[in-house]
Amino acid sequence: MGFDAMTLYRMAHGLRMRGVPLLPAVLRKAIYYLHSSYIPEDAELGEGTQLGYGGIGVVIHKAAKVGRHVLISQQVTIGGRSGLEGAPVIGDYVRIGAGAKVLGNIHVGDFAVIGANAVVVKDVPAGAVVAGVPAKVIRQDADPLTTYQREMGLLPPRPTTKLTQVPRPPAQASSR
């Protein structure tokens, strides 16, 4: 396990929650200098969240809320908009493509996919795929869980019923 941006963030966040005053700020600066990223220790990032390529160039607003098992690619910005209050709320199992910008007081639903270099300034429904500048829904999945499992290479759940053997015909003796 290396010292990528997410590892350093988790350390800084844990120290901040324990009331350690100076070390979280030092770790935030280390994230900035090592990975060119800004991930404040008071941002809420869910368990299992991953940063692509160690978090190179990722910027996350201090009030942003990121769900569980979110994949954030490199050069992604999750932040506010000038003159507007609030920050994005990202659901669970969301995938955010390289260079995407998620801006303003918006909500991204569970299992959504944000395309590379998309600029998201409006809410994204659960299970939607968005792309473009500004981002528009290009696909809406009826069953986002199955799509997520298929695209992420996860195995489907094992059947709970016992499989039965198919009887084989008896082997014939060969004549020599």
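That block above? That's the structure.
This structure is a prediction, so every number in the text was calculated from the model and none was measured.

When helices and strands are tallied, the protein shows 3 helices and 14 strands. The proportion of buried residues among the 176 residues of the protein is 38%. Within the protein, contacts between residues separated by at least 24 positions form 24% of all contacts whose residues are at least 6 apart in sequence. A total of about 11,000 Å² of accessible surface is found on the protein, and carbon and sulfur atoms cover 57% of it.

Here Asp-92 lies in the loop between strand S7 (89–90) and strand S8 (95–96). On the basis of relative accessible area, Asp-92 is assigned to the buried category, the value being 18%. A distance of 2.8 Å separates the side chain of Asp-92 from the backbone nitrogen of Arg-68, its partner in a polar contact. Setting aside its immediate chain neighbours within four residues, Asp-92 contacts Gly-67, Arg-68, Asp-110 and Phe-111.

A word on the pattern of salt bridges. Under the definition given, this model contains 4 salt bridges. When the shortest N-O distance is used, the salt bridge between Asp-141 and Arg-139 registers 3.1 Å. On the basis of relative accessible area, Asp-141 is assigned to the buried category, the value being 16%. With a relative accessible area of 36%, Arg-139 lands in the partly exposed category. With its nearest N and O atoms 3.2 Å apart, the salt bridge here joins Arg-139 to Glu-151.

Attention now moves to the nonpolar core. Membership of the largest hydrophobic core comes to 34 residues, with the highest contact counts inside it found for Ile-60, Ile-72, Ile-78, Ile-96 and Ile-114. Those elements that provide at least two residues to this core are helix H1 (5–17), helix H2 (23–35) and strand S13 (128–131). Here this core takes 5 residues from H1, the largest share from any one element. What Ile-96 contacts, discounting residues up to four positions off in sequence, is Val-70, Leu-71, Ile-72, Ser-73, Val-76, Ile-78, Ile-90 and Ile-114.

What follows is about H2. For H2, with 13 residues, the first-to-last C-alpha span of 18 Å sits near the 18 Å given by 1.5 Å per residue. On the buried face of H2, the contacting elements are H1. Downstream of H2 by one or two residues, Ser-36 has phi in the positive range, about 55°.

Turning next to the pairing of strand S14 (residues 136–140). In the sheet, S13 pairs with S14 via 4 bridges, with the strands oriented antiparallel. Residue pairing for S14: Ala-128 is matched across the bridge by Gln-140. The loop that links S13 with its antiparallel partner S14 comprises 4 residues; one of these, Gly-132, has a positive phi angle of about 105°.

Let's shift gears to the pairing of S13. Of the pairings in the sheet, the one linking strand S11 (residues 113–114) to S13 comprises 2 bridges and is parallel in character. Of the residues in S13, the one forming a bridge with Val-113 is Val-129.

So, on to the sheet that holds S8. Reading across the sheet, the 6 strands line up as S2-S5-S8-S11-S13-S14 and stay open at both edges, with mixed pairing between neighbours. Looking along the sheet, the strands with just one partner apiece sit at the ends: strand S2 (50–51) and S14. Relative to S8, strand S5 (residues 71–72) is paired through 2 bridges, and the arrangement is parallel. Paired with Ile-72 across the bridge in S8 is Ile-96.

Moving on: unusual backbone geometry. For the bond from Val-133 to Pro-134, the omega torsion is -10°, close enough to zero to count as cis. By the secondary structure assignment, Pro-134 is in the loop between S13 and S14. The residue Tyr-93 is not glycine, and still its phi comes out positive at about 60°. Checked against the element boundaries, Tyr-93 lands in the loop between S7 and S8. Given the relative accessible area of 24%, Tyr-93 is considered partly exposed. Of note in this structure, Asn-117 is not a glycine but carries a positive phi near 65°. Tracing the sequence through the fold places Asn-117 in the loop between S11 and strand S12 (119–120). Since its relative accessible area comes to 52%, Asn-117 is described here as exposed.

Calculation rules
- Residues numbered from 1 in each chain as written.
- Predicted model: local features only at pLDDT ≥ 70, side-chain atom pairs only at ≥ 80, totals over all residues.
- Heavy atoms only, no water.
- Helix = DSSP H or I, 4+ residues; strand = E, 2+ residues; numbered from the N terminus.
- Buried < 20%, exposed > 50% of the residue type's maximum accessible area, 1.4 Å probe, protein only.
- Contact = heavy atoms within 4.5 Å.
- Areas by Shrake-Rupley, 256 points an atom, 1.4 Å probe, with all protein chains shown as cover.
- Polar contact = N/O pair within 3.5 Å; in protein donor to acceptor, adjacent residues only side chain to side chain.
- Salt bridge = Lys/Arg side-chain N within 4 Å of Asp/Glu carboxyl O.
- Core = buried A, V, L, I, M, F, W, Y, C linked by side-chain atoms within 4.5 Å.
- Expected span 1.5 Å × (residues − 1).
- Pairing = 2+ DSSP bridges.

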